[in-house]
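Working through the structure, step by step
Each chain, written out:
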Amino acid sequence: MDAKTNKFIICQIALVALFSIFAFCFGSAFSQEQIIQIHGISYALKNGRWYVYIHNEFGAESIPNRIIVRRTDRGILTDNDLKAIGVHDIRFASPRFLEGYYVLSPLDSLRSFEVAQTLSLSGLFDYVVLDGYGKRGVTANDQYFTQQWNLSGTKLRMENAWDITAGNPSVILGIVDSGCDYGHPDLSGNIWSNIGWDFVDNDNSPIDSYGHGTNVTGIPGARTNNSIGIAGIAGGWGNQAGVSLMILKDGNQDPIISLTAQAIEWAADHDAKVINISSQFEPNDPDLELLEAAVNYAVGSHDVVVVAIAGNHKDSYKND
């Protein structure tokens, strides 16, 4: 082996050793940089997305450019308040809701964590949490939902219930979901007079571009005994109107937790008697405090019945 070859091998060994030392010294630090703590809550980066990180496990997916805050004194939050603590170039992504919460969105999304940390350390807020996603429940895409075997026989025995009532338009049912195809011939006659609200686009056209909300709305609200589609639980009989369907859009494929909370509050404030939520959320998600406040508001202040799914994904979140 000549001197030139020896020199080449020695250089290779030196490079490998140098890389090993770098990985040992800086590898753990690099990993730690992927976990950020804000207001006592840890968030971790995985495959380009941020998640709540609890007990070394990844939880619900977070939305860094949507920061939910609440003033400690429950007062009104203004642009001047934010500027006073050094937060600029930020917009209000929601009005004040549930007696004190706001959603803030930095104009530069790359600075979201920096802004969230500033908000947390300012002393102005007792709640600083990144918004997050839940999951829609699974629904079948078959036209007749396997002939709706659950409505008859020994299950719900809806034939007996329909002898008493097939739905009453004076009862407003809020459907918090991905919106609805409210022009559908099996649903259009039962849509609430003001339709509802789209919290994604902030208008009163909560059209469904995903499909889940339309399927969910049809279960209680499809017109019954009209030779079209499926039979709804309380959709009315023949030409008679059934329950009034208030459509509330809180996201598309996945619900956005702050929008779900706002939809619950809005439905209660607009006389919904029942609110249905066919989405599920991580049990350890810090945003659940916000959902709990919304449900308590609807139930406690307006005597609304709030119904939610237990979860029907094959990988459903653990229920303790």
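Residues numbered from 1 in each chain as written. Predicted model: local features only at pLDDT ≥ 70, side-chain atom pairs only at ≥ 80, totals over all residues. Heavy atoms only, no water.

As a further point, take the overall build of the protein chain. Along the backbone of the protein chain there are seven helices and 14 strands. Every one of the 320 residues in the protein chain was classed for burial, and the buried ones make up 43%. When contacts within the protein chain are restricted to residue pairs at least 6 apart in sequence, those whose partners lie at least 24 apart make up 71%. When the accessible surface of the protein chain is totalled, it reaches about 17200 Å², and 53% of it is carbon and sulfur. (Helix = DSSP H or I, 4+ residues; strand = E, 2+ residues; numbered from the N terminus. Buried < 20%, exposed > 50% of the residue type's maximum accessible area, 1.4 Å probe, protein only. Contact = heavy atoms within 4.5 Å. Areas by Shrake-Rupley, 256 points an atom, 1.4 Å probe, with all protein chains shown as cover.)

The strand order across the open sheet built from five strands is S10-S11-S9-S12-S14, with neighbouring strands paired in parallel fashion. Of all the strands in the sheet, the pair left with one neighbour each is strand S10 (191-198) and strand S14 (305-308). Across the sheet, the mean angle separating the axes of adjacent strands is 15° when strand polarity is ignored. When strand S9 (residues 172-177) meets strand S12 (residues 274-277), the two strands line up parallel, connected through four bridges. If you follow Leu173 over to S12, its bridge partner there is Val274. Strands S9, strand S11 (244-249) and S12 of the sheet are contacted by helix H5 (residues 212-221), whose axis makes an angle of about 155° with S9. (Pairing = 2+ DSSP bridges. Axes fitted to C-alpha atoms, helices over the stretch in contact; angles between N-to-C directions.)

Core analysis: the biggest nonpolar cluster contains 54 residues, and Tyr43, Val69, Leu119 and Ile275 have the highest contact counts within it. With eight residues, the single largest contributor to this core is helix H6 (residues 257-269). In this structure Ile275 touches Leu173, Gly174, Val176, Ile264, Ala267, Ala268, Ala298, Val304, Val305, Val306 and Val307, once residues within four positions along its chain are discounted. (Core = buried A, V, L, I, M, F, W, Y, C linked by side-chain atoms within 4.5 Å.)

This part takes up the side chain of Ser258. Inspection of the secondary structure puts Ser258 in helix H6. On the basis of relative accessibility, which here comes to 0%, the residue Ser258 falls in the buried class. At 2.8 Å, the side chain of Ser258 forms a polar contact with the side chain of Arg66. For Ser258, the contacting residues outside a window of four places in its chain are Arg66, Ile68, Phe97, Val103, Asp131 and Leu290. (Polar contact = N/O pair within 3.5 Å; in protein donor to acceptor, adjacent residues only side chain to side chain.)

Looking now at unusual backbone geometry. Negative phi is the rule for most residues except glycine; trans is the rule for most peptide bonds. A positive phi angle, close to 55°, is found at Asp89, a residue other than glycine. Tracing the backbone through its elements, the reader meets Asp89 in the loop between helix H2 (79-84) and strand S5 (90-92). Non-glycine residue Asp271 carries a positive phi angle of around 75°. Position of Asp271 relative to the elements: it lies in the loop between H6 and S12.

On to the packing of H6 against helix H7 (residues 288-302), then. Two elements in contact, H6 and H7, have axes whose closest approach is 8 Å; the angle formed by their N-to-C orientations is 5°. Considering their axes alone, H6 and H7 lie roughly parallel with respect to each other. Residues Ile257, Ser258, Thr260, Ala261, Ile264, Glu265, Ala268 and Asp269 of H6 pack against Leu290, Leu291, Ala294, Val295, Tyr297, Ala298 and His302 of H7. Of the residues in the contact of H6 with H7, the class split is 10 nonpolar, three polar and two charged. (Parallel < 35°, antiparallel > 145°, perpendicular 65-115°, else oblique. Nonpolar A, V, L, I, M, F, W, Y, C, P; charged D, E, K, R; others polar.)

Quick look at the side chain of Ser62 now. Within the secondary structure layout, Ser62 lies in strand S4 (residues 57-71). Beyond its immediate stretch of four places on either side in the chain, Ser62 contacts Tyr43, Trp50, Tyr51, Val52, Leu130, Asp131 and Gly132.

Evaluation of the coordinates by the stated rule reveals 10 aromatic pairs. Aromatic side chains Phe199 and Trp266 sit 6.3 Å apart centroid to centroid with 85° between the ring planes, which places their arrangement in the edge-to-face category. Residue Phe199 is found in the loop between S10 and H5, and its partner Trp266 is found in helix H6; the two are separated by 67 residues along the sequence. Among the residues examined, Phe199 registers a relative accessible area of 13% and is labelled buried. Judged by relative accessible area, which is 18%, Trp266 ranks as buried. Here the aromatic residues Trp192, Trp197, Phe199 and Trp266 are joined through ring pairs into a cluster of three or more. (Phe/Tyr/Trp six-rings, centres within 6.5 Å; stacked < 30°, edge-to-face > 60°.)

Where strand S2 (residues 41-46) meets strand S3 (residues 49-54), four bridges bridge the pair, whose relative direction is antiparallel. What sits directly across from Tyr43, in S3, is Val52. Linking S2 back to S3 in an antiparallel pair, the connection comprises two residues, with Asn47 at a positive phi of about 55°. The sheet contact formed by S3 and S4 spans three bridges and is antiparallel. When the bridges of S4 are listed, Tyr51 appears paired with Glu61.

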